[in-house]
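For reference, the chains in residue letters:
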Amino acid sequence: MTHQNRPDALIFRAPGTNCDRELAHAFERAGASPRLVHLDALISDPDALDRADLIGFPGGFSYGDDIAAGRVFADRLRRYLHQPLVNAIHRGVPIIGICNGFQVLVKAGLLPDPDADGQSVTLSHNTSGRFVDRWVGIEPVANTRCVWTQDLAQPYDLPIAHGEGRLALSDNTLQYLEANGQVALRYAEDVNGSAGRVAGLCDPTGLVLGLMPHPERCCDPLQHPQWSRLGEAHQSATPPGLTMITNAVRHAGMANV
Ligand SMILES: NC(=O)CC[C@H](N)C(=O)O
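Under an unreviewed UniProt entry, the name given to the protein is Phosphoribosylformylglycinamidine synthase, and the organism recorded is Mucisphaera calidilacus.

This is the structure we're talking about:
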């Protein structure tokens with residue numbers, strides 16, 4: 001914990017990360033104290049992870065999306081930081097991977113199950129073959145264990161911006177994840193060819209969330225492109241991105257009392 005009892009939110013940076021400051025702003029707004037740390041610095045001092053109350057993997061084009069989006073970052077995590085990250089989850093630390101961060105978490109084998117061996121799902125090129133950048137409808141999933149998406153019972157909108165967001169996995173794995181409450185959110189329509197229209201997955205503890213939409217870009221009512229038409233109710237409601245991040249910050253705060 002940092003001063004003033006604001007949970008410490010550690011945000012990973014790497015070459016090509018570009019949503020780290022927006023995520024820091026969102027954590028700040030939700031009551032945490034963010035710090036941006038370069039992957040290389042954490043590789044030389046993995047103990048820095050032990051001081052984190054929350055961990056974020058932001059969006060971007062890490063290592064230029066070379067080989068595949070998130071692949072180089074994920075391989076470095078798997079090789080140098082796997083155990084400290086698994087220890088953090090066992091300590092009850094909420095972790096979020098947004099867009100490129102989601103690609104990193106699945107390719108590092110931290111989602112859908114950090115305690116399983118290797119990678120069981122992937123995120124690949126959108127079926128359209130094109131980068132998609134727009135706001136989309138999201139359907140809440142009633143039985144999810146996800147700590148981050150609790151209290152989001154009504155459909156809501158979030159922005160997406162990705163070229164490699166198609167979740168690919170076997171039918172058996174999808175059925176298992178659905179039954180086990182690990183599907184955290186679903187697109188209202190097919191936007192990228194993802195199996196089961198899945199937009200986000202969590203681990204069996206519900207602490208680790210990976211999602212292609214960007215909650216950190218939906219923490220103020222004015223960020224919604226239709227804000228002026230949606231009226232007073234929209235402007236006085238807590239935006240869904242802020243709800244997600246606040247849920248995790250509260251969880252981290254309670255775990256530290
Ligand atoms: N916004 C992002 O994080 C983009 C992720 C990745 N570079 C992609 O295009 O799929």
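K.L.:
What should I look at first to understand the overall build of the protein in this one?
P.N.:
Regarding its fold elements, the protein presents 8 helices and 11 strands. A compact globule built from 257 residues would reach a C-alpha radius of gyration of about 18 Å, and the protein, at 17 Å, matches this within 12%. By principal-axis analysis of the C-alpha atoms, the protein measures approximately 50 × 45 × 35 Å. Sequence separation of 24 or more characterises 74% of the internal contacts of the protein that already satisfy a separation of 6 or more.

K.L.:
Quick question: what am I supposed to make of the site of the ligand here?
P.N.:
What surrounds the ligand is the set G59, G60, F61, D65, A69, C99, N100, A161, H162, G163, E164 and G165. In terms of residue class, the shell around the ligand is built from 4 nonpolar, 6 polar and 2 charged.

K.L.:
What should I look at first to understand unusual backbone geometry in this one?
P.N.:
A negative phi angle is the norm for most residues apart from glycine, just as the trans form is the norm for most peptide bonds. A cis amide bond links L111 with the next residue in sequence, P112, at an omega value of 5°. Tracing the backbone through its elements, the reader meets P112 in the loop between α5 (100-107) and β5 (122-124). One non-glycine residue with positive phi stands out, namely D151, at about 70°. Note that D151 resides in the loop between β6 (132-140) and β7 (156-162).

K.L.:
Could you clarify how one ought to interpret the pairing of strand β10 (residues 198-202) in this entry?
P.N.:
Successive residues of a regular strand alternate their side chains across the two faces of the sheet. β10 sits mainly inside the fold: 5 of its 5 residues count as buried. As judged from the 3 bridges shared by strand β9 (residues 183-187) and β10, these two strands associate in the antiparallel manner. Residue pairing across strands places V183 opposite L201, the latter belonging to β10. Sheet analysis places β10 next to strand β11 (residues 208-211), joined by 3 bridges and oriented antiparallel. Bridge assignment links C202 to a residue of β11, and that residue is L209. The hairpin formed by β10 and β11 contains 5 residues between the paired strands, and G206 there has a positive phi angle of roughly 80°.

K.L.:
Explain helix α8 (residues 240-255) to me, please; I cannot follow it from the model alone.
P.N.:
Side chains that are three or four residues apart share a direction in an α-helix, a result of its 3.6 residues per turn. In a regular helix each residue adds 1.5 Å, so 16 residues correspond to 22 Å; α8 covers 23 Å between its end C-alpha atoms and thus fits that length. For α8, the tally of buried residues reaches 12 of 16 residues, placing the bulk of the element in the interior. All of the buried residues in α8 are P240, G241, L242, T243, M244, I245, T246, N247, A248, V249, H251 and A252. Those residues of α8 that are buried are in contact with α1 (20-29), β3 (54-57), β4 (95-98) and β7.

Thresholds applied
- Chains are numbered independently. Their residues run from 1 in the order of the written sequence.
- The predicted origin of the model limits local features to residues at a pLDDT of at least 70 and limits the giving and counting of side-chain atom pairs to 80 or more, whereas totals for whole chains, interfaces and linings rest on all residues.
- Counting from the N terminus, the helices are the DSSP runs of H or I reaching at least four residues and the strands are the DSSP runs of E reaching at least two.
- Every radius of gyration here is taken over C-alpha atoms, with the globule rule written as 2.2 Å times N^0.38, N being the number of residues.
- For the purpose of contact definition, each residue receives a C-beta atom placed from its backbone, and two residues are in contact when these atoms lie within 7 Å.
- Here, nearness is defined through the C-beta atom: a residue counts as near a molecule or strand if that backbone-placed atom lies within 6 Å of it.
- Each residue receives one of three labels: charged for Asp, Glu, Lys and Arg, nonpolar for Ala, Val, Leu, Ile, Met, Phe, Trp, Tyr, Cys and Pro, and polar for the others, Gly being one of them.
- For every residue, the other C-beta atoms within 10 Å of its own C-beta are counted; 20 or more classify it as buried, 12 or fewer as exposed, and values in between as partly exposed. C-beta atoms are placed from the backbone.
- A strand pair is defined by DSSP finding two or more bridges across the two strands.
- Under the convention used throughout, the expected extent of a helix is 1.5 Å for every residue step, that is, one less than its residue count.

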